Amino acid sequence: MAKAKKKKKNLFERFANWATIATGSSAAFIGAVSIIIIWGVTGPIFQYSNTWQLIINTGTTIVTFLMVFLIQKSQNKDSKAIHLKLNELLASHQGASNRMVDIEDLNELELDQLHKFYVQLSELAELEDDITCTHSIDAAAANHNSKLEHLKASPHYINAIKNRSKKSN
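Residues numbered from 1 in each chain as written. Predicted model: local features only at pLDDT ≥ 70, side-chain atom pairs only at ≥ 80, totals over all residues. Heavy atoms only, no water.

Chemist: Looking at this structure, I do not really get the overall build of the chain. What am I missing?
Modeler: If you tally the helices and strands in the chain, you get seven helices and zero strands. For the chain, the sequential pattern of α-helices and β-strands runs α-α-α-α-α-α-α. Taking all 169 residues of the chain together, the buried fraction comes to 8%. The contacts of the chain with a sequence gap of at least 6 include a subset with a gap of at least 24, amounting to 38%. (Helix = DSSP H or I, 4+ residues; strand = E, 2+ residues; numbered from the N terminus. Buried < 20%, exposed > 50% of the residue type's maximum accessible area, 1.4 Å probe, protein only. Contact = heavy atoms within 4.5 Å.)

Following this line, the structure appears as structure tokens:
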């Protein structure tokens, strides 16, 4: 399965993944520091000429320019994966609002309205004398049992139990 996944990635994605891992390593940092030290030590040899200064300026500018795109590619992928995981958690939780799925696509005004709603919820929770009143272990256990009872009644669960008992016989 790992080989099938690799074939689906294009050349840039494979390179971006490799470059992100490589440039984030200790060896890359040590290499970069070494280049700066070597450049600094060679200053007197080249009499601190304009060409000597241009070499480090050009090199760092090019590397920085290219790294911006690699970092953005990596960040976009990570962000998408995190959003999908959060969407799955929201969609799978009975008490969660499905309106929260894909809220990253909302405009700034809509996000501000949602933020105000959650600030209001937070203020209401602060009025409670005991923090466990609104977020107790008992409430979590009751929620779990409720979800489990709902799950046991679903056709998918019933079929899975039947298939499991057929395989064990």
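So, next bit.
Chemist: For this particular structure, what's the right way to read the packing of helix H2 (residues 11–23) against helix H4 (residues 50–92)?
Modeler: Axis angle and axis distance: for two packed helices, these are the angle between their axes and the distance between the axes, and together they describe the pair. At a minimum axis distance of 9 Å, the contact between H2 and H4 shows a crossing angle of 100 degrees. Looking at the two axes, H2 sits roughly perpendicular to H4. Contacts between H2 and H4 involve Phe12, Glu13, Phe15, Ala16, Asn17, Ala19, Thr20 and Thr23 from the first element and Met67, Leu70, Lys73, Ser74 and Lys77 from the second. Among the residues forming the contact of H2 with H4, the class breakdown is six nonpolar, four polar and three charged. (Axes fitted to C-alpha atoms, helices over the stretch in contact; angles between N-to-C directions. Parallel < 35°, antiparallel > 145°, perpendicular 65-115°, else oblique. Nonpolar A, V, L, I, M, F, W, Y, C, P; charged D, E, K, R; others polar.)

Chemist: Any chance you could explain unusual backbone geometry here in plain terms?
Modeler: Comment: phi is negative for the bulk of residues other than glycine, and the bulk of peptide bonds are trans. Look at Tyr48: it is not a glycine, yet its phi comes out positive at around 50 degrees. The residue Tyr48 is located in the loop between helix H3 (26–41) and H4 in this model. A residue is classified by how much of its surface remains accessible, and Tyr48, at 47% relative accessible area, is partly exposed. A positive phi is found at Asp102, a non-glycine position, where the angle reads about 60 degrees. Within the secondary structure, Asp102 sits in the loop between H4 and helix H5 (108–126). When its relative accessible area of 38% is taken as the criterion, Asp102 is described as partly exposed.

Chemist: What exactly am I supposed to notice about the pattern of salt bridges here?
Modeler: Two side chains that carry opposite charge are able to pair once their charged atoms sit near each other. Scanning all chains against the criterion turns up one salt bridge. Across the pair Lys77 and Glu13 runs a salt bridge, and its minimum N-O distance is 3.5 Å. Pair noted here: Lys77 is in helix H4 and Glu13 is in helix H2, with a separation of 64 residues, a long-range link. On the basis of relative accessible area, Lys77 is assigned to the partly exposed category, the value being 35%. (Salt bridge = Lys/Arg side-chain N within 4 Å of Asp/Glu carboxyl O.)

Chemist: Is there a simple way to explain the packing of aromatic side chains in this structure?
Modeler: Between two aromatic rings, the relevant description is the distance of the centres plus the angle of the planes. A complete count under the given rule lists four aromatic pairs for this structure. Here Phe65 and Phe69 contribute two aromatic rings whose centre-to-centre distance is 5.2 Å and whose plane-to-plane angle is 80 degrees, an arrangement assigned as edge-to-face. Of this pair, Phe65 and Phe69 both sit in helix H4, four residues apart, roughly one helical turn. According to the relative accessible area criterion, Phe65 is exposed, its value standing at 52%. Classification of Phe69 by relative accessible area gives partly exposed; the value is 47%. (Phe/Tyr/Trp six-rings, centres within 6.5 Å; stacked < 30°, edge-to-face > 60°.)

Chemist: Sorry if this is basic, but what is going on with the side chain of Glu13 here?
Modeler: Glu13 sits in the buried class, given a relative accessible area of 18%. Dropping the residues within four chain positions of it, Glu13 is found in contact with Lys73 and Lys77.

Nothing here speaks to function; it is geometry throughout.
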